[in-house]
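# Reading the structure
Here's the letter readout for the chains.
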Amino acid sequence: MALYTDGKVAFVSSDTPEANAAREELISRHGDAGIENASIVVALGGDGLMLETLHRVMDRNVPVYGMNFGTIGFLMNEYNANALDVRLRAALPTRIHPLSMRVTDTEGKVSEALALNEVSLYRSSYQAAKIRIAIDGETRLEELICDGIIVATPAGSTAYNLSAHGPILPITAPLLALTPISPFRPRRWRGAILSNRANITFTTQENGKRPVSAVADNVQFDNVVEVQVHESRRHSSTLLFDPGHSLDERVLIEQFRY
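Basis of the calculations
- Residues numbered from 1 in each chain as written.
- Predicted model: local features only at pLDDT ≥ 70, side-chain atom pairs only at ≥ 80, totals over all residues.
- Heavy atoms only, no water.
- Pairing = 2+ DSSP bridges.
- Helix = DSSP H or I, 4+ residues; strand = E, 2+ residues; numbered from the N terminus.
- Axes fitted to C-alpha atoms, helices over the stretch in contact; angles between N-to-C directions.
- Buried < 20%, exposed > 50% of the residue type's maximum accessible area, 1.4 Å probe, protein only.

### Description of the sheet that holds strand 14 (residues 212-216)
- Spatially, six strands are ordered 12-11-10-7-14-15 in an open sheet, and the strand pairing comes out antiparallel. In the strand order of this sheet, the two ends are held by strand 12 (192-195) and strand 15 (219-221), each with one partner. Mean inter-strand twist for the sheet, computed between neighbouring axes without regard to direction, equals 20°.
- Alignment of strand 10 (residues 148-152) against strand 11 (residues 175-181), held across five bridges, turns out to be antiparallel. Across the sheet, Val-151 pairs through a bridge with Leu-178, a residue of strand 11.

Structure below.
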């Protein structure tokens, strides 16, 4: 797949000394078209930078190729300053769709945000959250008492969702993971796997006593009363991976680690 054809490459970094040095070296070799003019973006950092960059270029049909300077780097390729043009030409694309989150707070204000990894609800005080869960307009769980709950995309299923003991989803699966965080009641409820066509509504209970925040990737809203979540097919982002190191392969490998 010949993506590296016009030389319009932009380089972004996570602003660590190592990532900045790599960015300067690559710019000296390849130039820098700037993220607004680029046909491909190379992100030098960790998964957080990758998510930030994917949000910046969302819906512009500009793929992002990451090289790892972070801790985990699940969404990144290995760093090598050599033969970048060859690697970009050979890179394989993975297209992902974000979650759309619509929140209403205790003052009636409505806000919206997109999440490529997950939408999460968290208790905002020492009191456990109480949350009612409805799927496609039908209440499925009248009251979940917990520290929070996560809706994860396949791309995000190996992130916080996995840490909360949620399922890993293959990247091409038309599914979403619904995973509770430290559930108290019902104690044995482990969450659900939903169709990516599902419309999920969370309604918080006893808002004054049990405040809850909602987060879409890195965008947070406080004192929420209702949170509606669904996958948005109107928006998309594209990641690039070296052959043999695709996101499909990484998800598969993650399921056999112990």
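### So, helix 2 (residues 47-57)
- For helix 2, the set of buried residues is Leu-49, Met-50, Leu-51, Thr-53, Leu-54 and Val-57.
- Following helix 2 by one or two positions, Asp-59 adopts a phi angle in the positive range, close to 70°.

### Focus: unusual backbone geometry
- The linkage connecting Arg-185 with the following residue, Pro-186, adopts the cis geometry, with an omega of -10°.
- Within the secondary structure, Pro-186 sits in the loop between strand 11 and strand 12.
- Unusually for a residue other than glycine, Asn-61 sits at a positive phi of about 60°.
- Here Asn-61 shows up in the loop between helix 2 and strand 3 (64-68).
- Unusually for a residue other than glycine, Ala-83 sits at a positive phi of about 55°.
- Relative to the helices and strands, Ala-83 is located in the loop between strand 3 and helix 3 (84-90).
- Its relative accessible area of 42% is what places Ala-83 among the partly exposed residues.

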